[in-house]
Structures are given as structure tokens and as C-alpha cells.
Amino acid sequence: MRNIVLSLLAAVGLGTSSCTADNVPVLEPQEFIANAKADSKAVILDVRTPAEYAAGHLRGAHLLDYLDTKAFDKGMKKLKKSKTYYVYCRSGKRSHAACLKMQEHGLKVVDMKGGYLNWTAQGMETVTQQ
């Protein structure tokens, strides 16, 4: 029931989320992960570099380096439009740019406010590459 309520709140914008002027939903880390867990079509996407990802990332996150333009564009074309992509980077700048680009290609995106720095500042769980 909680998952349904969270999903409904996110859908109608009654949670603590905000949308930027360009319509990219931006969520605080706790709401970001709660919505991703409640969303059966969620994919957590880390758009940092491979070195940043290896040093620590969100559990279950997939890497798609935004700074490697060719690899990002190629990887983005493989993403399914039926999924919702929960996107984060180091501080929120790259993830927001990635979200805009992904939206242009018809993908549904959610950005995490403050990125990995905000996530770790709040003591949220991270994992390292094994």
C-alpha cells in the first residue's frame, strides 16, 4: 500500500519533489530511492565516469558515462521507453543535462537533487565495484 501511495504522490506531484522549468522531476535522495524502489519499471542510472562509479555508487545502479558523448549516445539508444530512468551524477549538473537529452529522445527520467555528494552527505548506502 505504501508503494502505491508513494507512486501516486510522485505522479501527481504532491510529494517533496520539484520540477525544474524544463519539466525534469528532481527528487531529494530519500524520495528518489523510495520512488525507484516503488516503481517496477525503474532503472537507476549513474552518469558519472567509470572511475567515479568504481569508487562508490548506489546499489543496483547502471553506468552510462555522460562525458563520453559517443558511448552515452550509443547507450541511450538502447534504453527502453517503457522504463523510468532515475538518474544521478556527482552533484546534479551532469545528471540534469543527461535527463534533458534523454527526454528529447522520449525517455521518462527523474533526477536526484545534489547527486552523489548529497546522497553520501545524508549517510545513504553506497557500494563499490568488486
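Notes on the structure in this doc start here. Here the structure is a predicted model, which is why all the values come from computation and not from measurement. (Residues numbered from 1 in each chain as written. Predicted model: local features only at pLDDT ≥ 70, side-chain atom pairs only at ≥ 80, totals over all residues. Heavy atoms only, no water.)

### Here we look at the overall build of the protein
Rules: Secondary structure elements are defined from DSSP: runs of H or I of at least 4 residues count as helices, runs of E of at least 2 residues count as strands, and each element is numbered from the N terminus. The rule is simple: take the accessible area with a 1.4 Å probe, protein chains only, and divide by the maximum for that residue type; under 20% is buried, over 50% is exposed, in between is partly exposed. Contacts: residue pairs with any heavy atoms within 4.5 Å of one another.
If you tally the helices and strands in the protein, you get six helices and six strands. Along the protein, from the amino end to the carboxyl end, the secondary structure elements read α-β-β-α-β-α-β-α-β-α-β-α. For the protein, the residues scored as buried account for 42% of the 130 residues in total. Across the protein, the fraction of contacts at a sequence separation of at least 24, relative to all contacts at a separation of at least 6, is 63%.

### Notes on the environment of Asp 46
The condition is simple: Nitrogen and oxygen atoms within 3.5 Å of one another constitute a polar contact, given that in protein one can donate a hydrogen and the other can accept it, and given that sequence-neighbouring residues count only through two side-chain atoms.
Mapped onto the secondary structure, Asp 46 falls in strand 3 (residues 42-46). Sequence spacing of Asp 46 and Leu 64 is 18 residues, and the spatial spacing of their C-alpha atoms is 6.1 Å. Sequence-distant contacts of Asp 46, that is, excluding residues within four places in its chain, are made with Tyr 53, His 57, Ala 61, His 62, Leu 63, Leu 64 and Tyr 88. Within polar-contact distance, the side chain of Asp 46 engages the side chain of Arg 48 at 2.8 Å.

### Section: the nonpolar core
The cut-off we apply is this: For our purposes a nonpolar core is just a set of buried Ala, Val, Leu, Ile, Met, Phe, Trp, Tyr and Cys residues, chained together by side-chain atoms within 4.5 Å.
Leu 45, Val 47, Phe 72, Leu 79, Tyr 85, Val 87 and Met 102 are the most contacted members of the largest nonpolar core, which totals 16 residues. With three residues, the top contributor of residues to this core is helix 5 (residues 93-104). Setting aside residues no more than four positions away along its own chain, Tyr 85 makes contact with Val 43, Leu 45, Leu 79, Lys 80, Met 102, Leu 107, Lys 108, Val 109 and Val 110. Tyr 53, Ala 61, Tyr 116 and Met 124 belong to the second largest nonpolar core, which has 15 residues in total.

### Some details on the packing of helix 4 (residues 69-77) against helix 5
Note the following rule: In this analysis, axes come from line fits to C-alpha atoms, helices being fitted only over the stretch in contact, and the angle between any two N-to-C directions falls in the range 0 to 180 degrees. An angle counts as roughly parallel when it lies under 35 degrees, as roughly antiparallel when it exceeds 145, as roughly perpendicular when it falls between 65 and 115, and as oblique in every other case. Crossings are sorted by hand: turned counterclockwise from the far helix by less than a right angle, the near helix makes the crossing left-handed, and turned clockwise it makes it right-handed. Classes in brief: Ala, Val, Leu, Ile, Met, Phe, Trp, Tyr, Cys and Pro nonpolar; Asp, Glu, Lys and Arg charged; the others, Gly included, polar.
At a minimum axis distance of 11 Å, the contact between helix 4 and helix 5 shows a crossing angle of 45°. As summarised for this structure, helix 4 and helix 5 are arranged oblique, according to the angle between their axes. Once helix 4 is placed against helix 5, the crossing between them reads as right-handed. Only Ala 98, Lys 101 and Met 102 of helix 5 make contact with helix 4, whose side of the interface consists of Thr 69, Phe 72, Asp 73 and Met 76. Its residues assigned to classes, the contact of helix 4 with helix 5 shows four nonpolar, one polar and two charged.

### Structural notes on the environment of Gly 114
Examined against the element boundaries, Gly 114 turns out to sit in the loop between strand 6 (108-112) and helix 6 (115-121). It is 8.4 Å that separates the C-alpha atoms of Gly 114 and Tyr 88, two residues lying 26 residues apart in sequence.

### Let's talk about the packing of aromatic side chains
Stated precisely, the cut-off is as follows: In this scheme Phe, Tyr and Trp rings, the latter by its six-membered ring, pair at centre separations within 6.5 Å, and the angle between planes marks the pair as stacked below 30 degrees, edge-to-face above 60, and tilted otherwise. Sitting over a ring, as applied to charges here, requires NZ of Lys or CZ of Arg to be within 6 Å of the ring centre and within 35 degrees of the ring normal.
One pass over the structure, following the stated rule, counts three aromatic pairs. With a centroid separation of 6.5 Å and an interplanar angle of 20°, the aromatic rings of Tyr 88 and Tyr 116 are classed as stacked. Here the residue Tyr 88 occupies a position in strand 5 (residues 84-88), and Tyr 116 occupies one in helix 6, the gap between them amounting to 28 residues. Directly above the ring of Tyr 116 sits Arg 48, whose terminal nitrogen or CZ lies 4.3 Å from the centroid.

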